[in-house]
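Structure at a glance
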Amino acid sequence: MRADWPELSDLLLDVDPETLARRPVRRAAVNAVLEKHGMRVGRSVVDAIPGADVLDPDAIDGVLLRSHTELQRLSFEFQNGVRLLQLLKPLLNVLRANVTERPLRIVDIGCGLGFVVRWLAAYGELGDDVELLGCDFNPALIGLAQKLTEEERLRCEFRVTNAFTLERRAHVFLSTGVLHHFRGDDLGRFFQRQAQAGAKALLHCDIKASWAAPLGSWIFHQARMREPLARHDGVLSAVRAHSPEVMLAAAKSHGRPLVYSVFDGAWSPLPILRSLNTLVGLEPSLAEPFVSALGKSKARLGALS
Amino acid sequence: MTPWLLALLVLVDGTLCGFRAAAGRNPRIRLRDYYAASMRRGALVSVLVVGGFLGVAMAMRNHSSDDWSALLVAADAMVLVYGVFATLVLSALALYLVGSFDFAVLSSVLVLGPFTLVRPLVIIGGAVFAAWTSQHLGAAIFCLSAGAVMVSFERLLALGSPPWRGLLPQ
């Protein structure tokens, strides 16, 4: 696997970013990309999806829904909700002290099945002055996320929409496992659009790039996942993970005026101790109070600049 | 004593198989009852498996004292292999459940994930070791059959009808 290989989930869903209309995915086009990169395992996953010329959208949705449900199991195991709370609670305290507008709006970009948002709604105890919104381009994932939210009576919402063009701006943008989907100019544009959207803070959690990440990811995806697409993309995600330097360079050159750093981004000879890291972006005036609010954990955050 | 220890190990393994068979199949957030039911199902099926093999063992005991002695030798070998494995897994699980966030993740990364992956190999290895140690055809068939059942246990449990079916396409 190589970092320039595309993830199958990105090839199987084609949505117009302006109209949000789903476009048909042609087998020949997907196969051409797989052929170009020599992705033989990926080819077998696509071959299993029904549809002659155009891949069956319902079958694609089924694969993605099952894959995201399996991914959610990993999120539980690695306590991604608790991990995020380590940063989000201090951040919300700082925002409460510095922002008058209410409610404080947290928006999860590319939320998929909305694990993080639903977990925060169920267990986060963020307070009544916080609004949680999950955004994604995939109607099937958002549809199920919203259905589960209503079924479990959670105080959060999901929408098929562009998170950067909401009618009311987000105070905090979140994501989990999204950054590595963007490379090169796309990564820069991702930060540029968030800065333009006027967020006060960003918290983007992703796999920490290291020599151990692909091996560890392979072990867990073999042990825990059943869907071939989930196994394939899970390992590829670890290969594609950005180093802190790459994330920071893209954020700083395109995402001003916010200041940035990476939480748990420091190099370690034993990277299994910290398998995920989080890019933190803040309005400059919030940087100092946020670092103070982190308490003992501030040693894990590099200098904000 | 050894047969009961072995039965206990099967019960623990079956309960954890029940958890894993259900994990990643239900997209809800509050899953305590779902997992409790899945683990009960695993425990129940493992009791049935233990009962079945105990019946065969009793039949062998009635048939010949040599058969029974060979089975006990094989059981010792199995308990040795599976006991070490189970001790490591249960220790990591305890650390995961009661330790801090960092210890929980560490126990998962170092033990719980990798050990799930090698579990089938450990079961087969333990069964082959026990069969070889017993030096007895009947006991060897018994051990290898028990190993085959335990390797396929999680997959068998997943064939049930967990409540996620209404939420996700098959």
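Presented here is a report on the structure given in the accompanying data block.

Cut-offs applied
Residues numbered from 1 in each chain as written. Chains lettered and ligands numbered in written order. Predicted model: local features only at pLDDT ≥ 70, side-chain atom pairs only at ≥ 80, totals over all residues. Heavy atoms only, no water. Helix = DSSP H or I, 4+ residues; strand = E, 2+ residues; numbered from the N terminus. Rg over C-alpha atoms; globule rule 2.2 N^0.38 Å. Buried < 20%, exposed > 50% of the residue type's maximum accessible area, 1.4 Å probe, protein only. Contact = heavy atoms within 4.5 Å. Areas by Shrake-Rupley, 256 points an atom, 1.4 Å probe, with all protein chains shown as cover. Lys, Arg positive; Asp, Glu negative; His and termini not counted. Charge placed at Lys NZ, Arg CZ, Asp CG, Glu CD. Arc of directions from axis to C-beta. Core = buried A, V, L, I, M, F, W, Y, C linked by side-chain atoms within 4.5 Å. Patch = residues over 30% accessible without salt bridge, like charges linked within 9 Å, V, L, I, M, F, W, Y side chains within 5 Å. Salt bridge = Lys/Arg side-chain N within 4 Å of Asp/Glu carboxyl O. Buried area = accessible area lost by both parts, 1.4 Å probe. Polar contact = N/O pair within 3.5 Å; in protein donor to acceptor, adjacent residues only side chain to side chain. Pairing = 2+ DSSP bridges. Axes fitted to C-alpha atoms, helices over the stretch in contact; angles between N-to-C directions.

**Details of the overall build of chain A**
When helices and strands are counted, chain A shows twelve helices and nine strands. Over its C-alpha trace chain A gives a radius of gyration of 19 Å, about what one expects of a compact globule, namely 19 Å for 305 residues. C-alpha atoms of chain A, sized along the principal axes, occupy 55 × 45 × 35 Å. In chain A, which comprises 305 residues, the proportion classed as buried is 56%. In chain A, 76% of the contacts between residues at least 6 apart in sequence involve partners at least 24 apart. Taken as a whole, chain A presents about 12,700 Å² of accessible surface, with 56% of it coming from carbon and sulfur. When the 37 positive and 35 negative side-chain charges of chain A are each reduced to one mean point, those points stand 5 Å apart.

**So, the overall build of chain B**
A tally of regular secondary structure across chain B gives six helices and zero strands. Listing every helix and strand of chain B by position from the N terminus yields α-α-α-α-α-α. When its C-alpha atoms are laid out on the principal axes, chain B stretches across 55 × 35 × 25 Å. Split into buried and exposed, the 170 residues of chain B put 48% on the buried side. Within chain B, residue pairs in contact and separated by at least 24 positions form 73% of the contacts whose partners lie at least 6 positions apart.

**Some remarks on helix α11 (residues 244–254) of chain A**
Residue and element names in this part refer to chain A. Of the positions making up α11, those classed as buried are Pro244, Met247, Leu248, Ala250 and Ala251. On an axial view of α11, the arc spanned by its buried residues comes to 165 degrees, and they lie on one face. Seen from the buried face of α11, the exposed residues on the opposite side, beyond 90 degrees, are Glu245 and Ser253. In this fold, the buried residues of α11 make contact with α8 (185–196), β8 (259–263) and β9 (276–282).

**Thoughts on the nonpolar core**
Counting 40 residues, the largest nonpolar core has Leu88, Leu91, Ile106, Leu120, Leu126, Leu174 and Phe290 of chain A as the members making the most contacts within it. Considering every element that reaches this core, the biggest residue donor is helix α5 (residues 80–98) of chain A, with eight residues. Among the nonpolar cores identified, the runner-up in size contains 33 residues, and Cys17, Met78, Leu112 and Ala140 of chain B belong to it.

**Concerning a nonpolar patch on the surface**
Residue and element names in this part refer to chain B. Taken together, the side chains of Met1, Leu5, Leu8, Leu11 and Val47 define a hydrophobic patch exposed on the protein surface, amounting to about 470 Å² of accessible area. It is helix α1 (residues 2–22) that provides the largest number of residues to the nonpolar patch, a total of three residues. With respect to the helices, strands and loops of the structure, Leu11 is situated in helix α1.

**Concerning unusual backbone geometry**
Pro103 of chain A follows Arg102 of chain A through a cis peptide bond whose omega is 0 degrees. For Pro103 of chain A, the position within the fold is in the loop between α5 and β3 (104–109). Of note, the bond from Arg256 of chain A into Pro257 of chain A is cis; its omega dihedral lies within 30 degrees of zero at 20 degrees. Of note, Pro257 of chain A is situated in the loop between α11 and β8. At Gln135 of chain B, a residue that is not glycine, the phi angle is positive and equals roughly 55 degrees. Inspection of the secondary structure assignment puts Gln135 of chain B in the loop between α4 (101–134) and α5 (137–151).

**Details of the side chain of Asp206 of chain A**
Relative to the assigned elements, Asp206 of chain A resides in strand β7 (residues 201–207). Lacking a salt bridge, the buried Asp206 of chain A has Arg183 of chain A as its closest oppositely charged neighbour, with an N-O distance of 8.2 Å.

**Observations concerning the interface of chain B and chain A**
Reports of interface size often rely on the accessible area that becomes lost once the parts have come together. Residue-level contacts link 31 residues of chain B with 36 residues of chain A. Counting the surface lost from both chain B and chain A, the interface buries some 3,000 Å², and carbon and sulfur atoms represent 60% of this. Of all residues in chain B, Ile29, Arg30 and Phe101 of chain B bury the most surface against chain A, accounting for 25% of the area lost on that side. Linking chain B to chain A there are two salt bridges. Measuring nitrogen to oxygen at the nearest pair gives 2.7 Å for the salt bridge that ties Arg274 of chain A to Asp102 of chain B. Where chain B meets chain A, there are 14 residue pairs in polar contact (both at pLDDT 80 or more). Sorting the residues of the side of chain B that touches chain A by element identifies α1 and α4 of chain B as the ones contributing at least two each. With 13 residues, the top contributor of residues to the side of chain B that touches chain A is α4 of chain B.

**Quick word on the sheet that holds strand β6 (residues 172–176) of chain A**
All names here are of chain A. Here we have seven strands laid out as an open sheet, ordered β5-β4-β3-β6-β7-β9-β8, and mixed in their pairing. Among the strands making up the open sheet, the edge pair consists of β5 (157–160) and β8. If you compare each strand with its neighbour and ignore which way they point, the axes differ by 20 degrees on average. The pairing of β8 with β9 spans five bridges and is antiparallel. Within the sheet, the bridge partner assigned to Phe263 lies in β9 and is Thr278. Running over the sheet, α8 touches β3, β6, β7 and β9 and is turned about 155 degrees from β7.

**Some words on the pairing of β6 of chain A**
Residues and elements named next belong to chain A. Taken across its five residues, β6 has four buried, putting it largely inside the fold. Direction of pairing for β3 relative to β6: parallel, over a ladder of three bridges. Looking across to β6, one finds that Ile106 is bridged to Val172. Here five bridges tie β6 to β7, and the two strands are oriented parallel to one another. Bridge assignment links Val172 to a residue of β7, and that residue is Ala201.

Just geometry here; none of it tells us what the structure is for.
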